[in-house]
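Structural characterization, general
So the chains spell out like this:
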Amino acid sequence: MSLIFSLPSILEESRREYCKIKESLESGPKFFPVEKIYHRKSEESSLLARGDNLDFIQYLLREKKMEGKLQLAYLDPPFYSKASYDAVIRLKSEAVGDVPAIKPLAYEDLWKTGIEEYLRMLCVRFFLIRDLLSEEGCLWVHLDWHVVHYVKILLDAIFGEKNFVNEVVWHYKSGGTGKRNFSRKHDTLLFYGKSRHYYFRPLKEKSYNRGYKPYRFKGVKEYKDELGWYTMVNMKDVWQIDMVGRTSGERTGYATQKPEQLLERIIESCSRPGDCCADFFCGSGSFAAAAEKLSRTWIACDIGGIAAACSLKRMSVKKSAFVLLEECPDRQGDELEIRLQVEPIDLTDKKLVTVTLDGYTMDMKRVSLKREDREILKKFRKKDPLQLLEYWSVDFHYDGRVHNPQFSFPKENHTMEKVCRQIVSDTGKISVRAVDVFGNSSLKVLDMGEVPECEREMEE
Ligand SMILES: C[S@@+](CC[C@H](N)C(=O)[O-])C[C@H]1O[C@@H](n2cnc3c(N)ncnc32)[C@H](O)[C@@H]1O
């Protein structure tokens with residue numbers, strides 16, 4: 001039977017689920033702040049969440065009272081490709097020598113009961129995201145040929161046909177050609193306003209004159225570059241933007257990573273600096289990176305550990321201020337080997353505290369890997385275990401509840417700072433939090449009061 005006959009019931013079932021969720025919002029799922037990075041109380045905070053976005057949206061509606069507050073939502077969900085996607089993680093250490101990159105599973109786009117399950121998954125989220133959006137807000141849904149035509153029909157019903165604004169085609173070059181079809185080299189992005197009052201600022205692009213020669217029309221400003229003469233026109237709905245290349249500085253190794261340039265166009269045209277913009281399937285954090293660059297408050301969520309680690313590192317490198325939330329926070333800390341040294345500073349009541357990250361014993365049970373990757377991991381675990389970390393941070397004034405670090409150290413170019421120093425006047429608790437390449441986190445709390453001054457080594 002054609003799927004067209006199922007669309008009304010997919011819509012109706014999703015609407016019912018949405019109503020049920022709204023009725024029981026008060027007892028809905030919880031998220032917990034696990035780290036506040038460069039966060040200042042006075043400011044609206046960006047959020048990076050690890051967990052199911054259906055739960056996270058409920059959390060935003062209930063705890064953050066975000067109904068009607070979001071300016072822009074960008075969704076780049078799995079495309080119903082019926083495939084699994086790996087991340088490419090390159091670990092490098094002289095102690096281990098040359099080894100191939102490991103390729104753990106990043107996420108699956110497999111739907112046991114088929115396309116209806118997939119469309120219901122999207123639909124219920126569309127209903128809820130519509131409630132988050134302000135009257136000036138808008139939604140962008142990034143898909144491709146697999147399902148975009150079905151999703152357009154569902155979105156017309158949920159957002160209203162009259163609120164459909166654009167179908168933007170992102171055209172790119174990539175490897176692989178079709179032998180029995182034209183090579184598939186574009187994605188489709190559906191753009192809807194929440195209402196007819198949606199905010200939009202047209203962007204400009206170059207339009208080359210025919211023959212690259214000057215037209216010399218009266219009143220039309222013309223420019224010239226190395227190709228020839230052009231005018232500036234309002235941007236059209238077909239965008240030619242390169243994918244993130246192998247040698248690009250943006251490249252994270254996360255499968256299906258989108259280029260920041262694409263996301264910058266969406267953010268620039270549909271929001272203003274300071275507006276709150278969200279990506280509920282954030283993967284490697286490309287949207288958050290673009291939003292940060294354009295001074296927007298951002299919200300990003302992903303269910304996967306590798307995505308969470310990748311986004312955390314990416315935003316930390318950018319020195320972004322944000323709160324990290326988890327649906328199921330890790331409670332482990334024993335894997336971290338930390339050395340703490342407290343030295344009095346002459347003629348003051350202050351102390352110099354040195355925290356040294358000495359080791360990390362990855363719990364191999366926390367990761368699922370192919371056999372060859374597991375062997376590589378074992379080598380690093382033995383010879384250079386800190387390579388397995390993506391990020392660590394230190395809070396010299398731990399309040400016993402939320403880790404609020406003054407220092408954050410993302411791994412960059414395979415190297416990471418291992419020593420952290422701070423002058424303190426109190427001798428309370430210090431917390432150290434680390435996240436490995438798979439997104440497993442560890443929090444270790446140390447008591448400065450228990451460390452005799454001058455020198456004492458703490459090894460776990
Ligand atoms: C196409 S990728 C996003 C890639 C991303 N735009 C980037 O540039 O890296 C889709 C993402 O959706 C995530 N995802 C799938 N189901 C989810 C759910 N229920 N909640 C949160 N994230 C989910 C996957 O883990 C995956 O990272």
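Residues numbered from 1 in each chain as written. Predicted model: local features only at pLDDT ≥ 70, side-chain atom pairs only at ≥ 80, totals over all residues. Heavy atoms only, no water.

An unreviewed UniProt entry lists the chain under the name DNA methylase N-4/N-6 domain-containing protein, from Zhenpiania hominis.

**Focus: the domain arrangement of the chain**
Operational definition: Domain start and stop positions are those given by an automatic or database domain assignment. In what follows, a contact means two residues having at least one pair of non-hydrogen atoms within 4.5 Å. Each of two parts loses accessible area, computed with a 1.4 Å probe, when they are put together; buried area is these two losses added. Salt bridge criterion: a side-chain nitrogen from Lys or Arg within 4 Å of a carboxyl oxygen from Asp or Glu. The definition of a polar contact used here is a pair of N or O atoms within 3.5 Å, where within protein one atom must be able to donate a hydrogen and the other to accept one, and adjacent residues in sequence count solely through side-chain atom pairs. The helix count covers DSSP runs of H or I at least four residues long, the strand count covers runs of E at least two residues long, and both are numbered beginning at the N terminus.
In terms of domains, the chain is made up of domain 1 (3-326) and domain 2 (336-450). Facing 30 residues of domain 1, the contacting portion of domain 2 comprises 31 residues. Of all residues in domain 1, the largest losses of buried area upon contact with domain 2 belong to Glu 35, Leu 91 and Lys 313, amounting jointly to 20% of the total for that side. Between the two partners, domain 1 and domain 2, sit four salt bridges. Across the pair Glu 390 and Lys 313 runs a salt bridge, and its minimum N-O distance is 3.5 Å. Across the contact surface, domain 1 and domain 2 share twelve residue pairs in polar contact (both at pLDDT 80 or more). Taken together, the elements giving at least two residues each to the side of domain 1 that touches domain 2 come down to strand 1 (32-37), helix 7 (305-317) and strand 15 (322-326).

**Re the site of the ligand**
What counts here: Any residue with a heavy atom lying within 4 Å of a molecule or strand is counted as near it. Here, Shrake-Rupley sampling with a 1.4 Å probe gives the accessible areas, and only protein chains in the shown set may cover a residue. Throughout this entry, Asp, Glu, Lys and Arg are counted as charged residues, while Ala, Val, Leu, Ile, Met, Phe, Trp, Tyr, Cys and Pro are counted as nonpolar. The remaining residues, Gly among them, count as polar.
In the vicinity of the ligand, 20 residues are found, and the nearest of them are Asp 76, Tyr 254, Ser 284, Ser 286 and Asp 302. Contact distances for the ligand include 2.9 Å between a nitrogen atom and a backbone N or O atom of Asn 53. A distance of 2.6 Å separates a nitrogen atom of the ligand from a polar atom in the side chain of Asp 76. Across the complex, the protein chains shield 94% of the 610 Å² of accessible surface that the ligand would expose by itself. Of the residues that constitute the shell around the ligand, the class distribution is eight nonpolar, seven polar and five charged.

**Thoughts on the nonpolar core**
Heads up, the rule is: Grouping buried Ala, Val, Leu, Ile, Met, Phe, Trp, Tyr and Cys residues that are joined through side-chain atoms within 4.5 Å yields what is termed a nonpolar core. For every residue, the accessible area (1.4 Å probe, protein chains only) is compared with the maximum for its type, and the residue is labelled buried under 20%, exposed over 50%, or partly exposed between those bounds.
Counting residues in each nonpolar core, the largest one holds 56 residues, and the members touching the most others are Phe 56, Leu 139 and Phe 280. Broken down by element, the residue count for this core peaks at twelve residues, all from helix 3 (residues 115-132). Leave out the neighbours within four places in its chain, and Phe 56 touches Phe 31, Leu 47, Ala 49, Phe 280, Ile 299, Cys 301 and Leu 325. Ranked by size, the runner-up nonpolar core spans 44 residues in total, among them Ile 89, Val 367, Leu 386 and Val 424.

**Some points on the sheet that holds strand 18 (residues 389-398)**
Where we set the bar: Two strands qualify as a pair provided DSSP detects at least 2 bridges between them. Axis lines are fitted through C-alpha atoms, for helices just across the contact stretch, and the angle between N-to-C directions can take any value from 0 to 180 degrees.
With antiparallel pairing, four strands are arranged side by side in an open sheet as 19-18-21-22. The open sheet has two edge strands with one neighbour each: strand 19 (407-410) and strand 22 (441-447). Across the sheet, the axes of successive neighbouring strands diverge by a mean angle of 10 degrees, strand direction being ignored. Alignment of strand 21 (residues 429-436) against strand 22, held across seven bridges, turns out to be antiparallel. Note on strand 22: the bridge partner recorded for Arg 433 is Leu 443.

**Focus on the pairing of strand 11 (residues 229-234)**
Two faces, one strand: in a regular strand the side chains alternate between the faces of the sheet. Both strand 9 (residues 204-208) and strand 11 contribute to a ladder of five bridges, which runs antiparallel. Across the sheet, Lys 206 pairs through a bridge with Met 232, a residue of strand 11. Pairing of strand 10 (residues 223-224) with strand 11 involves two bridges; the strand directions are antiparallel. Each residue of the ladder has a partner; that of Tyr 223, found in strand 11, is Tyr 230.

**Things to note about the pattern of salt bridges**
Within this structure, the stated rule accounts for 25 salt bridges. Across the pair Arg 366 and Glu 335 runs a salt bridge, and its minimum N-O distance is 2.8 Å. Here Arg 366, found in the loop between strand 17 (351-360) and helix 8 (371-383), pairs with Glu 335, found in the loop between strand 15 and strand 16 (336-344); they are 31 residues apart in sequence, far enough to count as distant. Residue Glu 375 pairs with Lys 378 through a salt bridge whose shortest N-O separation is 3.6 Å. In this pair, Glu 375 and Lys 378 both sit in helix 8, three residues apart, roughly one turn of the helix. What you see here is one network of salt bridges that share partners, running through Lys 22, Glu 67 and Asp 131.

**Quick look at the environment of Glu 327**
Structurally, Glu 327 is set in the loop between strand 15 and strand 16. Through-space distance from the C-alpha of Glu 327 to that of Val 355 is 29 Å; in sequence the pair is 28 residues apart. With residues up to four places along the chain from it excluded, the contact list for Glu 327 reads Pro 29, Lys 30, Phe 31, Phe 32, Arg 50, Gly 51, Asp 52 and Asp 55. Polar side-chain contacts of Glu 327 include one of 3.0 Å to the backbone nitrogen of Asp 52.

**As for a positive patch on the surface**
To keep things clear, this is the line we draw: Patches here: salt-bridge-free residues with over 30% relative accessible area, like charges joined within 9 Å, nonpolar side chains (Val, Leu, Ile, Met, Phe, Trp, Tyr) joined within 5 Å. His residues and chain termini do not enter the charge count, which takes Lys and Arg as positive and Asp and Glu as negative. Taken as the charge centre is NZ of Lys, CZ of Arg, CG of Asp or CD of Glu, depending on the residue.
Residues Arg 90, Lys 103, Arg 246 and Arg 251 make up a contiguous surface patch of positive charge. By secondary structure assignment, the location of Arg 246 is in the loop between strand 12 (238-240) and helix 5 (260-270). According to the relative accessible area criterion, Arg 246 is exposed, its value standing at 74%.

**As for the packing of helix 5 against helix 6 (residues 286-293)**
Threshold: Roughly parallel here means an angle under 35 degrees, roughly antiparallel means over 145, roughly perpendicular means 65 to 115, and every remaining angle is called oblique. A crossing counts as left-handed when the near helix is turned anticlockwise from the far one by less than a right angle, and as right-handed when that turn is clockwise.
With their axes 9 Å apart at the nearest point, helix 5 and helix 6 run at an angle of 55 degrees to one another. Classified by the angle their axes make, helix 5 and helix 6 are oblique. Relative to helix 6, the crossing made by helix 5 is right-handed. Contact with helix 5, carried on its side by Glu 260, Leu 263, Glu 264 and Ile 267, involves Ser 286, Phe 287, Ala 289, Ala 290, Ala 291 and Lys 293 of helix 6 and no other residues of that element.

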